[in-house]
Amino acid sequence: MGNVTVADIMTREPITVGPNTDLIDCARKMVRKRIGSLIIAENKKLLGFISEHDILWALIKKPKADLAKIKAIDISPRKIITIKPSLTIEAVIKKIKKIRFERFPVVENGELVGLITIKDILDFNPEFYPEFEELERVREESEKLKRIEKARGEELGKEGICEECGNQGILLKFNGMLVCESCKSSG
């Protein structure tokens, strides 16, 4: 496995959009292609990168009418971490663990040549599953701690079943009911 490089298993023609593509079209493209991210590029030059998380963020922060006006490049992170095609898979796995990103654009000589994702690595070599399961567990625990810290300023309930939606999770007292975080924010 030490000699396998990014170029060996990357997606060579990733799905891209132009910088002026609106978020509605980006979301439609992600759904149609069943992908979780889009590379923003023009003439093989990497300009940006957006994920479903970025679109959800915009959906929450902006009124729905504005989504057609927001361009992909407007919500793309300014700094994009890229990978070289000559990098070994072991080095990519270390980078994934350190940075906690699941996908990286592959760039060589300033030109976009592909995309490498956790799925590409797992499809190629499924014995890496234990390492990624550990990464996912760490991520889930980190997110859980953030929710708990956020809830400390509010009345923190015990974990249980939400009286509003019936989902299990950390409950908060809101309008005399014990509700989950999502029901509290939508209520």
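Please refer to the structure placed before this passage.
All chains use their own residue numbering, which begins from 1 and follows the written sequence. Per-residue local features of the predicted model are confined to residues with pLDDT of at least 70, and side-chain atom pairs are confined, for both listing and counting, to 80 or more; whole-chain, interface and lining totals are unaffected and use all residues. Only hydrogens and water are set aside; all other atoms, that is, all heavy atoms of the structure, feed into the side-chain values.

S.K.: Looking at this model, I keep getting lost on the side chain of Ser-76. Mind explaining?
M.R.: Note on placement: Ser-76 falls in the loop between helix H4 (72-75) and helix H5 (89-99). Whether two residues are in contact is decided by their heavy atoms: any pair within 4.5 Å suffices. Setting aside its immediate chain neighbours within four residues, Ser-76 contacts Ile-40, Gly-48, Phe-49 and Ile-50. Numbering of helices and strands runs from the N terminus, with a helix taken as a DSSP run of H or I at least four residues long and a strand as a DSSP run of E at least two residues long.

S.K.: I'm lost on the environment of Leu-38 in this one. Help?
M.R.: With respect to the helices, strands and loops of the structure, Leu-38 is situated in strand S2 (residues 37-42). The buried label goes to any residue with under 20% of its type's maximum accessible area, the exposed label to any with over 50%, and the partly exposed label to all in between, with areas taken from a 1.4 Å probe on protein chains only. On the basis of relative accessibility, which here comes to 0%, the residue Leu-38 falls in the buried class. Each C-alpha atom of the pair Leu-38 and Ile-15 lies 6.0 Å from the other, and the pair is 23 residues apart in sequence. With residues near it in sequence (within four places) discarded, Leu-38 still touches Ile-15, Val-17, Cys-26, Lys-29, Met-30, Phe-49 and Ile-50.

S.K.: When you look at unusual backbone geometry in this model, what are you seeing that I'm missing?
M.R.: Keep in mind that most residues, glycine aside, have a negative phi and that most peptide bonds are trans. Non-glycine residue Lys-44 carries a positive phi angle of around 65 degrees. The topology assignment puts Lys-44 in the loop between S2 and strand S3 (45-51).

S.K.: When you look at the pattern of salt bridges in this model, what are you seeing that I'm missing?
M.R.: Opposite charge on two side chains allows them to pair when their charged atoms are near. Salt bridges are defined by distance alone: a side-chain nitrogen of Lys or Arg within 4 Å of a carboxyl oxygen of Asp or Glu. In this structure the tally under the stated criterion is one salt bridge. Salt-bridge contacts for Asp-25 lead to Arg-28; the nearest nitrogen and oxygen are separated by 3.4 Å. Here Asp-25 pairs with Arg-28, and both are found in helix H2 (residues 23-33), just three residues apart, close to one helical turn. The partly exposed category is assigned to Asp-25, whose relative accessible area is 35%.

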